[in-house]
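Single-letter residue listing:
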Amino acid sequence: MDKTNSTNEFCINLIKNNISTNGIVSAEIQTNGRGRYGNKWVSKKGNIFLSFYKKIRLQRDIIKYQYKVLKIVKNFLIKKGLKEQNIQIKDPNDILINNKKVCGILVESYKNNKSLFVIAGIGLNLASSPNLKKYKTTFLNKYLKKKVNKLDFLEFIKKNFNKL
């Protein structure tokens, strides 16, 4: 889609309206992206904003998804040519390259009727990064000889989503 306030919120609306029990949502522009504890995720155009959702059985599975998503993103970075020693997972939900934040994830649960869902949002700085006072940021294509496009990442997520 072109524009949404938040890909996670969009997924919640799909669940509320019983559209489907799983799926992936991606947006070119996200106007109200968020992180943990209501923190704002600065969504610069050209970067990746996507969320996926799926029906699950147990609340305790939510934390497992958080680490699985971090691992999937880290594997993507390695596959694209980054050295593993330059990538750090900063618990509980960030990925750093050379100690600078490149990716944040937000994993949430949502209950609709008697069904439980996990929603995992991924914000990946692909083409640019915001200038923040709280911490240093970076973007993926700065480190790669062959630039990654959004479709590469989306295909990788789709392939791995089915394995979750």
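Residues numbered from 1 in each chain as written. Predicted model: local features only at pLDDT ≥ 70, side-chain atom pairs only at ≥ 80, totals over all residues. Heavy atoms only, no water.

Trainee: Just to check I follow, could you spell out the sheet that holds strand S8 (residues 115-124) for this structure?
Mentor: Within a beta sheet, neighbouring strands are joined by backbone hydrogen bonds and run either parallel or antiparallel to one another. Read across the open sheet, the six strands follow the order S2-S4-S8-S7-S6-S5; overall the sheet is antiparallel. For this open sheet the edge positions go to strand S2 (22-27) and strand S5 (87-90), each flanked by a neighbour on one side alone. When the angles between neighbouring strand axes are averaged without regard to direction, this sheet yields 15°. Judged from the 10 bridges that link them, strand S7 (residues 100-112) and S8 form a sheet pairing that is antiparallel. When the bridges of S8 are listed, Glu 108 appears paired with Ile 119. Sitting on the sheet, helix H2 (residues 61-79) touches strand S4 (48-56), S5, strand S6 (94-97), S7 and S8, and the angle it makes with S7 is about 145°. With respect to the sheet, helix H3 (residues 150-161) is in contact with S2, S4 and S8, its orientation differing from that of S4 by roughly 10°. (Pairing = 2+ DSSP bridges. Helix = DSSP H or I, 4+ residues; strand = E, 2+ residues; numbered from the N terminus. Axes fitted to C-alpha atoms, helices over the stretch in contact; angles between N-to-C directions. Contact = heavy atoms within 4.5 Å.)

Trainee: Would you mind going over the pairing of S8 with me for this structure?
Mentor: Remember that side chains alternate between the two faces of the sheet whenever the strand is regular. Burial within S8 is extensive, with 10 of its 10 residues counted as buried. Here S8 shows a buried face lined by Ser 115, Phe 117, Ile 119, Gly 121 and Gly 123 and a second buried face lined by Leu 116, Val 118, Ala 120, Ile 122 and Leu 124. Here S4 pairs with S8 via nine bridges, running antiparallel. Bridge pairing links Tyr 53 to Ile 119 in S8. (Buried < 20%, exposed > 50% of the residue type's maximum accessible area, 1.4 Å probe, protein only.)

Trainee: Please explain the pairing of S7 as it appears in this structure.
Mentor: Of the pairings in the sheet, the one linking S6 to S7 comprises four bridges and is antiparallel in character. Within S7, the position partnered with Leu 96 by the bridge is Lys 101. As consecutive antiparallel partners, S6 and S7 are separated by two residues, and within that stretch Asn 98 has a phi angle of approximately 50°, a positive value.

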